[in-house]
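# Close look at the chain arrangement
Each chain is listed here by its residues.
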Amino acid sequence: MKKSSFLVASLLFCGLIATSCGGSTSSNEGENDADSTAVADETVAEGEYDTFPWDFPESQKIVGNPGDWALSCYTYYPIAVEKKKDLTKESLIYYSSEIEEIGEKTTKLSNREIPNSLVIPIPAGQTAKKGDIVLSWWQSGSGLKRAIVTDATNPAEPKVCYLDMNWKEDGSGFAQKYQDQLKPNSFIVLKDGTWEPGAEVALKSNGDKATIVALTDKKVLCLGFASKLVAYDRADCVLIPAKEDIRVGDAVKAVFVSGFRDGYKVVDIDETYGRIKVEKEKSSQTEYLSLYEVTKVLN
């Protein structure tokens, strides 16, 4: 397989997904899962096409059963392959689908064969408690999302606030508008501080952030800025915990566009909804970011 070079996105996607999805999954992504409309129309010359150009194993063993939910780029990936698009430059958004069949190398989702490394199976029977972070999808819309549980009266069908959607002080944010009660068997409870699909990482070199979708002992395959798949060495990444010991007044790094940047101070914390209000240094500008978008581990 050819090793892909990481494309530094030069487009700020004007209204793209209304996101900074800090990576493709930051708090503003999700309002518009049609974010692939800004993808460049680039194809690869005949005879040179690689259907899995990332420096990551294409065929991993995954555990699941027919009828289980899974998250995968099962729509955009096969379309891009059919058109011989440069997959390193394509937005490959992860949607939900039911597993039809799991093979040694591929999984069948919605009658499409997808490389196992591009599939996140969701084990049935999970339960959550208030304050847990879960990996699921926007169930009033579509697209992979992390969420914080706000009501676990029914642990198998918790009510959540999505972390990968924007939160606005006037109450008009998508995270405030779409607080869903999740379907049973449709989520994974994430273990904070663990390398696993759904966890957040940042590159040590430049602070760029991304969400893990598959991993080995040495590599991670991630959704980066604008839902582009990127592969990194684990050694080059820092895991970003969702629940750090962050307090009002702390100097922190916060996400701007594609990654963590210096010059922010914490001015408020809302633990129930997983939000941290930060103020930009030498300015009165403030904004609410999600737990995955504010950190001290890079300081």
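Above this text you will find the structure in question.
The shown structure was predicted, so the numbers you read here are calculated from the model rather than taken from an experiment. (Residues numbered from 1 in each chain as written. Predicted model: local features only at pLDDT ≥ 70, side-chain atom pairs only at ≥ 80, totals over all residues. Heavy atoms only, no water.)

Assigned secondary structure in the protein consists of 2 helices and 19 strands. Counting across all 299 residues of the protein, residues that qualify as buried make up 54%. The contacts of the protein with a sequence gap of at least 6 include a subset with a gap of at least 24, amounting to 61%. When the accessible surface of the protein is totalled, it reaches about 13,100 Å², and 47% of it is carbon and sulfur. (Helix = DSSP H or I, 4+ residues; strand = E, 2+ residues; numbered from the N terminus. Buried < 20%, exposed > 50% of the residue type's maximum accessible area, 1.4 Å probe, protein only. Contact = heavy atoms within 4.5 Å. Areas by Shrake-Rupley, 256 points an atom, 1.4 Å probe, with all protein chains shown as cover.)

We now examine the nonpolar core. By size, the foremost hydrophobic cluster in this structure holds 66 residues, and its most contacted members are Tyr 77, Tyr 94, Leu 118, Val 134, Leu 221 and Leu 229. Apart from residues no more than four positions distant in its own chain, Tyr 94 is found in contact with Leu 71, Ser 72, Cys 73, Ser 117, Leu 118, Ile 120, Gly 143, Leu 144, Val 213, Leu 223 and Leu 229. Counting 12 residues, the second-largest nonpolar core is a separate cluster that includes Ala 199, Val 201, Ala 210 and Cys 222. (Core = buried A, V, L, I, M, F, W, Y, C linked by side-chain atoms within 4.5 Å.)

With that settled, the discussion passes to the sheet that holds strand β16 (residues 259-270). Strand order in this open sheet of 5 strands is β18-β17-β16-β15-β19, and the pairing throughout is antiparallel. A strand with exactly one partner marks an edge of an open sheet, and here the two such strands are β18 (286-290) and β19 (294-295). Of the pairings in the sheet, the one linking strand β15 (residues 251-256) to β19 comprises 2 bridges and is antiparallel in character. Paired with Ala 254 across the strands is Val 294, a residue of β19. (Pairing = 2+ DSSP bridges.)

On to the sheet that holds strand β10 (residues 200-203). One open sheet holds the 5 strands; their spatial order is β13-β12-β11-β10-β14, and the pairing between them is antiparallel. The open sheet terminates on both sides in strands that have one partner only, identified here as β13 (229-233) and β14 (237-240). Neighbour-to-neighbour, the strand axes of this sheet turn through a mean angle of 45°, independent of strand direction. Where strand β11 (residues 209-215) and strand β12 (residues 219-223) come together, 4 bridges link them in antiparallel fashion. Counted as the bridge partner of Ile 212 is Cys 222 from β12. (Axes fitted to C-alpha atoms, helices over the stretch in contact; angles between N-to-C directions.)

The pairing of strand β1 (residues 69-72) with strand β2 (residues 95-102) spans 4 bridges and is classified as antiparallel. Directly across from Trp 69, in β2, lies its bridge partner Glu 98. Examined bridge by bridge, β2 and strand β3 (residues 106-109) share 3 bridges and lie antiparallel to one another. Within β3, the residue paired with Ile 102 across the bridge is Thr 107.

With that settled, consider the environment of Asp 233. Along the chain, the position of Asp 233 falls in strand β13. Sequence separation between Asp 233 and Phe 56 is 177 residues, and the spatial gap between their C-alpha atoms is 9.5 Å. Not counting residues within four places of it along the chain, the set of residues in contact with Asp 233 comprises Lys 218 and Lys 219.

Next up on the list: a negative patch on the surface. A cluster of like negative charges, contributed by Glu 98, Glu 100, Glu 101 and Glu 113, occupies part of the molecular surface. A total of 3 residues in the negative patch trace back to one element, the largest contributor, which is β2. (Patch = residues over 30% accessible without salt bridge, like charges linked within 9 Å, V, L, I, M, F, W, Y side chains within 5 Å. Salt bridge = Lys/Arg side-chain N within 4 Å of Asp/Glu carboxyl O. Lys, Arg positive; Asp, Glu negative; His and termini not counted. Charge placed at Lys NZ, Arg CZ, Asp CG, Glu CD.)

Scanning the entire structure with this criterion turns up 0 disulfides. Between Cys 237, a cysteine without a disulfide, and Cys 222, which holds the nearest cysteine sulfur, the sulfur-to-sulfur distance is 6.0 Å. Here Cys 237 falls in the buried class, since its relative accessible area comes to 5%. (Disulfide = S-S within 2.5 Å.)

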